[in-house]
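Residue-level structural notes
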Amino acid sequence: MEGNLLIIEDDPEISNMVANYLEKEGYQTTVVHDGEQALREFVLDRFDLVLLDLMLPKLNGLEVLRQIREQSRVPILILSAKDGEADKALGLRIGADDYIAKPFSPLELAARVEASIRRATQYSNADNGNEPKPQLLSVGELIIDPDNFKVLKKNKEIKLTAKEFQILKLFVQHPTRVYTKAMLYKLVWNEEYYHDDNVINVHMRRLREKIEDDPSNPRYICTLWGIGYRLGEQ
């Protein structure tokens, strides 16, 4: 699979291993070793995905993530130590699309990179001219533009990550359907569910914080305790 990747990792052994393996898989890679260099490099080129370590010199990974997300929806995959659950959860809330725990296998990493790029490509605004543009979807004060990957609330754009957009679009397209966590994981992440509630919970909380007037009392995506989620009645 082709793609231009930005690898932000301060450990030369890990960054070289990752870059070499992904280049053999057909990707182009740019490697940087600190947060300030990462932000400079990001504005100089167009990247299809960012691999981001959290523990970086000069500027930490969470701040790099925050600044990239302010200007781009590029998929961001966090590389994190296993004991960094709080940092990983915070990273997802700020705008990361996925994370992979260290140590990781190159095969798993390549699979997650491919899946993240594929999901982002599905929601790009490229129009091949052969298929009609999807019509706008609306619910309450929200307007969802599937073709241009945009969500508006009261005519103001809400910036969502690829997964957040997929989750919202799924609920709006099927307003009467109840989704279990296993169903969401399969449909959005394209992976089997292994009771990793933290990933679903963080993405759902982050989505609600963006679209709800009162995230603690949601009206768009409601929880059915012990069952799953469904679109709220408007």
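Residues numbered from 1 in each chain as written. Predicted model: local features only at pLDDT ≥ 70, side-chain atom pairs only at ≥ 80, totals over all residues. Heavy atoms only, no water.

By the naming in an unreviewed UniProt entry, the chain is DNA-binding response regulator, taken from Lentibacillus populi. According to the UniProt record, the Subcellular location (unreviewed entry) comment for the chain is "Cytoplasm". (UniProt positions renumbered as here; feature names shortened; annotations may be inferred.)

Read from one edge of the open sheet, 5 strands run 2-1-3-4-5, paired in parallel fashion. Each edge of the open sheet is held by one strand with a lone partner, namely strand 2 (28-32) and strand 5 (98-102). Between one strand axis and the next, the sheet turns by 20 degrees as a mean value, whatever way the strands run. Relative to strand 3 (residues 49-53), strand 1 (residues 4-8) runs parallel, the two sharing 4 bridges. Each bridged residue has a counterpart across the sheet, and for L6 the counterpart in strand 3 is V50. (Pairing = 2+ DSSP bridges. Helix = DSSP H or I, 4+ residues; strand = E, 2+ residues; numbered from the N terminus. Axes fitted to C-alpha atoms, helices over the stretch in contact; angles between N-to-C directions.)

Moving on, we come to the side chain of E164. As for its position among the elements, E164 is in helix 6 (residues 162-173). Look at E164 and you get buried, because its relative accessible area is 0%. Reaching out from E164, the side chain makes a polar contact with the backbone nitrogen of T161 at a distance of 3.0 Å. When neighbours within four sequence positions are excluded, E164 is seen to be in contact with K159, R206, L207 and K210. (Buried < 20%, exposed > 50% of the residue type's maximum accessible area, 1.4 Å probe, protein only. Polar contact = N/O pair within 3.5 Å; in protein donor to acceptor, adjacent residues only side chain to side chain. Contact = heavy atoms within 4.5 Å.)

Moving on, we come to the sheet that holds strand 9 (residues 156-158). Judged by pairing direction, the sheet is antiparallel, and its 4 strands sit side by side in the order 6-7-8-9 without closing on themselves. Two strands in the sheet have a free side with no partner beyond their single neighbour: strand 6 (137-139) and strand 9. Across this sheet, the average inter-strand angle for adjacent strands is 30 degrees, counted without regard to direction. Pairing geometry for strand 7 (residues 142-145) and strand 8 (residues 150-153), over 4 bridges, is antiparallel. Each bridged residue has a counterpart across the sheet, and for I144 the counterpart in strand 8 is V151.

Before going further, it helps to spend a moment on the pairing of strand 1. Judged by how many residues are buried, strand 1 sits mostly within the fold: 5 of 5 residues are covered. Side chains N4, L6 and I8 project from strand 1 onto one buried face, and the interleaved L5 and I7 project onto a second face that is buried too. Both strand 1 and strand 2 contribute to a ladder of 5 bridges, which runs parallel. From the neighbouring strand, I7 faces strand 2, where its bridge partner is V31.

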